[in-house]
Amino acid sequence: MIKVVIFDLDGTLLDRDSSLLAFVDEQYNRLDEHVKHVPKAFFSNRFIELDAKGYVWKDRVYQQLIEELEIEG
């Protein structure tokens, strides 16, 4: 039985910015063979910009990155 639901809308419990940056950094490393033509800092910054603080669905973020950065594979 669920007794409590916690919403962290202001980032008090989880620093979303830091965790997203760590996620994107690791993702770049995993996708290295497909994104090595793009500087890591540019990839990270563009992902975070497109993410718009979580207001944009990730499938749209990825679609935009694939188109803009000409990612294949």
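Now for a quick tour of the structure. Because the structure is predicted, anything quoted here is derived from the model rather than measured.

Focus on the layout of surface pockets
Inference 1: Volume-wise, the largest pocket comes out at about 310 Å³.
Inference 2: Around the largest pocket, the lining residues are Asp8, Leu9, Asp10, Gly11, Leu14, Asp15, Arg16, Asp17, Lys53 and Tyr55.

Brief notes about helix 1 (residues 16-30)
Think of an α-helix as turning once every 3.6 residues; residues three or four places apart then point the same way.
Inference 1: The terminal C-alpha atoms of helix 1 lie 21 Å apart, and with 15 residues this matches the ideal 21 Å at 1.5 Å per residue to within 8%.
Inference 2: If you check which residues of helix 1 are buried, you get Leu20, Val24, Gln27 and Tyr28. All buried residues of helix 1 project into a common sector of 100° when viewed along the axis, lining one side.
Inference 3: Buried residues along helix 1 sit against helix 2 (32-35), helix 3 (40-51) and helix 4 (58-69).

Here we look at the pattern of salt bridges
Inference 1: For the structure shown, the criterion picks out six salt bridges.
Inference 2: Between lysine 40 and aspartate 25 there is a salt bridge, with the nearest N and O atoms lying 2.8 Å from each other. With lysine 40 in helix 3 and aspartate 25 in helix 1, the pair connects residues that are 15 residues apart, well separated along the chain.
Inference 3: With relative accessibility at 29%, the residue lysine 40 sits in the partly exposed group.

So, how was this worked out
- One numbering rule holds for all chains: residues counted from 1, following each sequence as written.
- Owing to the predicted nature of the model, reporting of local features is limited to residues with pLDDT of at least 70; listing and counting of side-chain atom pairs is limited to 80 or more, with chain, interface and lining totals taken over all residues.
- Note that water and hydrogens are dropped before the side-chain values are worked out from all heavy atoms of the structure.
- Every definition here rests on a 1 Å grid over the protein atoms only: cavities are sets of points where a 1.4 Å probe fits but cannot get out, pockets are open sets enclosed by protein on both sides within 12 Å along at least five of seven lines, and lining residues have some atom within 4 Å of a point.
- Grid points are joined across faces, edges and corners, and a volume is the space filled by probe spheres set on the points.
- Strands here mean DSSP runs of E at least two residues long; helices mean DSSP runs of H or I at least four residues long; both are numbered from the N terminus.
- The span one expects for a helix is its residue count, reduced by one, times 1.5 Å.
- A 1.4 Å probe rolled over the protein chains alone gives each residue an accessible area, and that area as a share of the maximum for its type sets the label: buried under 20%, exposed over 50%, partly exposed in between.
- The directions considered for the arc are those from the helix axis to the C-beta atoms.
- By the convention used here, residues are in contact when the closest approach between their heavy atoms is within 4.5 Å.
- Should a side-chain nitrogen of Lys or Arg be within 4 Å of a carboxyl oxygen of Asp or Glu, the pair is scored as a salt bridge.

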